[in-house]
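Each chain, written out:
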Amino acid sequence: MSKTYNITLLPGDGIGPEVITESVKVLDAVAEKAGFELKYTTCNAGGAAIDAHNDPMPDSVVETCKASNAVLLGAVGGPKWDALTGAMRPESGLLKIRKELGAFANLRPVTVPESLAENSPLRPETVAGLDLFTVRELTGGIYFGEPRGTEGEGDDRKSWNTMVYSVGEIKRVARVAFEWARKRRNKVTSVDKANVLDVSRLWRDTVIELHQAEYSDVELDHLYIDNAAMQMVINPRQFDVILTGNIFGDILSDTSATLGGSLGLLPSASVGGPVGIFEPVHGSAPDIAGQGKANPFAMILSAGMMLDTLGEDAAANAIRAGVKQVLDDGYRSGDLWREGNKLASTTELGDLVKTATLAAM
Ligand code: NAD
């Protein structure tokens, strides 16, 4: 009997529903060919959920997500809901679902096929063929550490935060990085500030111990965050999987996101709990919503990462090959278009990726 996966779709707002439609088109085609089944439940999230339920992430939607195998999220927000504050903001719904699903690792792959190297802010020869993958710890470190606070008056007024990681927190995110490295080019670069911070020394020691105990087949090296930031710009192709904590990962993954020159190409995932969330890095792009101009690649590639995580590696690899083929054939949405390219709509690009993906299987 074929495997069945239950997927919750949260299309959200703006271009979210448009890019979700294209990713489902591609997913259904690969599932049929690979011999598994995807069953979808679609729920409102963000602004759409505020309009329908007066809540950007109703508990009933959280329960549906928890009961599924994976969540595919488009994007949320837009001018219509900009005046709302606090828990009523569309983004609060996103924070809630990520927290409820216990996602402690954020995954951000960045690829720059040769056909897109000209779009990069770096020299084409520096980025052509780039394929790096950042694993960022998402629920610990200085963003959440206690104690934190502010006290005093005048020049004596001071504030503090605490950067804290336990061995258990470091091990579980390091495992995610080592496992992905095994699926890729088998190399992890762990990024810390072990020359200055105690917490980074614990990070490094823990990563080394785990590596020796369970992952000695994977190549491991270590960089200080300041050097890693330089290397990201000088020679980003040296990286395969980058493993790092919350604050360093926040900065490094955004730096890596600029290398390809377009938000429309960047998938992401937040995983670690029983159910992962797969979503493009871009927002709801209200300026182009409803016009057929949205680039669906980031969403389609996020769906590919979902298949990786479900263990459908062959189908996931075919999706990546399909997207690359369409780009190599010169088809572009407006955000990527340059002289000599073929301009295509969101739907046309989805159709092209579907065909190219099936051909790659
Ligand atoms: P954005 O990512 O939506 O758009 C930035 C620019 O990139 C716009 O010019 C847009 O047209 C373009 N763009 C983005 N994705 C594209 C795509 N797939 N194809 C073609 N062009 C694309 O960021 P923003 O304008 O700062 O935010 C718009 C709304 O999205 C806001 O309400 C914001 O809060 C929300 N937002 C949501 C998420 C999320 O849901 N994860 C992330 C970021 C922003």
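Residues numbered from 1 in each chain as written. Predicted model: local features only at pLDDT ≥ 70, side-chain atom pairs only at ≥ 80, totals over all residues. Heavy atoms only, no water.

Colleague: Would you take a moment to explain the overall build of the protein for this structure?
Modeller: If you tally the helices and strands in the protein, you get 12 helices and 14 strands. Taking 361 residues into account, the globule formula puts the C-alpha radius of gyration at 21 Å, and the protein, at 21 Å, falls close to it. Across the 361 residues in the protein, those meeting the buried criterion constitute 51%. Contacts in the protein between residues far apart in sequence, at least 24 positions, make up 75% of those at least 6 positions apart. (Helix = DSSP H or I, 4+ residues; strand = E, 2+ residues; numbered from the N terminus. Rg over C-alpha atoms; globule rule 2.2 N^0.38 Å. Buried < 20%, exposed > 50% of the residue type's maximum accessible area, 1.4 Å probe, protein only. Contact = heavy atoms within 4.5 Å.)

Colleague: Just to check I follow, could you spell out the packing of aromatic side chains for this structure?
Modeller: Each aromatic ring pair is summarised here by two numbers: the centre-to-centre distance and the angle between the ring planes. Summed over all chains, the structure comprises 4 aromatic pairs. A centroid spacing of 5.7 Å and a plane angle of 75 degrees characterise the contact between Tyr 5 and Phe 36, whose relative ring orientation is edge-to-face. Of this pair, Tyr 5 sits in strand E1 (residues 3-12) while Phe 36 sits in strand E2 (residues 36-42), and the two are 31 residues apart along the sequence. Of the two residues examined, Tyr 5 and Phe 36, each falls in the buried class. Here the aromatic rings of Phe 133 and Trp 180 are separated by 4.6 Å at their centres, their planes lie at 25 degrees, and the arrangement is stacked. Here Trp 180 lies in helix H6 (residues 167-183) and Phe 133 lies in strand E5 (residues 130-137), a separation of 47 residues in the sequence. Residue classification places Trp 180 among the buried positions, given a relative accessible area of 10%. In this arrangement the basic side chain of Lys 183 is found over the ring face of Trp 180, its NZ or CZ atom lying 5.3 Å from the centre. Positioned over the ring face of Tyr 331 is Lys 342, at 4.5 Å from the centre of the ring. (Phe/Tyr/Trp six-rings, centres within 6.5 Å; stacked < 30°, edge-to-face > 60°. Lys NZ or Arg CZ within 6 Å of the ring centre and 35° of its normal.)

Colleague: So what exactly am I meant to see when it comes to the packing of helix H1 (residues 16-34) against helix H12 (residues 346-359) here?
Modeller: Helix-helix packing is described using two parameters, namely the angle between the two axes and the distance between the axes. For the pair H1 and H12, interaxial distance at closest approach is 9 Å and the crossing angle is 20 degrees. With respect to H12, the axis of H1 lies roughly parallel. Crossing of H1 over H12 shows right-handed handedness. Contact residues: H1 offers Glu 18, Glu 22, Lys 25, Val 26, Ala 29, Val 30 and Lys 33, while H12 offers Thr 346, Thr 347, Gly 350, Asp 351, Val 353, Lys 354, Thr 357 and Leu 358. (Axes fitted to C-alpha atoms, helices over the stretch in contact; angles between N-to-C directions. Parallel < 35°, antiparallel > 145°, perpendicular 65-115°, else oblique. Left-handed = near helix turned anticlockwise from the far one by under 90°.)

Colleague: Honestly, the pairing of strand E11 (residues 267-271) in this entry has me stumped. Any pointers?
Modeller: Looking down a regular strand, the side chains alternate between one sheet face and the other. For E11, the buried fraction is high: 5 of the 5 residues fall into the buried class. Going residue by residue along E11, you find Pro 267, Ala 269 and Val 271 tucked away on one face and Ser 268 and Ser 270 tucked away on the opposite face as well. Taken together, the 3 bridges between strand E4 (residues 105-112) and E11 define a ladder with antiparallel strand orientation. Bridged to Ala 105 within E11 is Val 271. By the bridge criterion, 4 bridges tie E11 to strand E12 (residues 276-280) in an arrangement that is antiparallel. Paired with Ser 268 across the bridge in E12 is Glu 279. The hairpin turn running from E11 into E12, its antiparallel successor, is 4 residues long, and Gly 272 in that turn takes a positive phi close to 130 degrees. (Pairing = 2+ DSSP bridges.)

Colleague: Would you mind going over the domain arrangement of the protein with me for this structure?
Modeller: Interface size is commonly expressed as the accessible area that is lost once the parts come together. For the protein, the assigned domains read domain 1 (1-101 + 275-361) and domain 2 (106-266). For domain 1 and domain 2, the distance between their C-alpha centres works out to 25 Å. The interface is formed by 18 residues belonging to domain 1 together with 16 residues belonging to domain 2. Taking both partners together, domain 1 and domain 2 bury about 1500 Å²; carbon and sulfur atoms supply 62% of that area. At the boundary of domain 1 and domain 2, one finds 1 salt bridge. Ionic pairing is found between Lys 183 and Asp 313, a salt bridge with its closest N-O pair at 3.4 Å. (Domains from an automatic or database assignment. Buried area = accessible area lost by both parts, 1.4 Å probe. Salt bridge = Lys/Arg side-chain N within 4 Å of Asp/Glu carboxyl O.)

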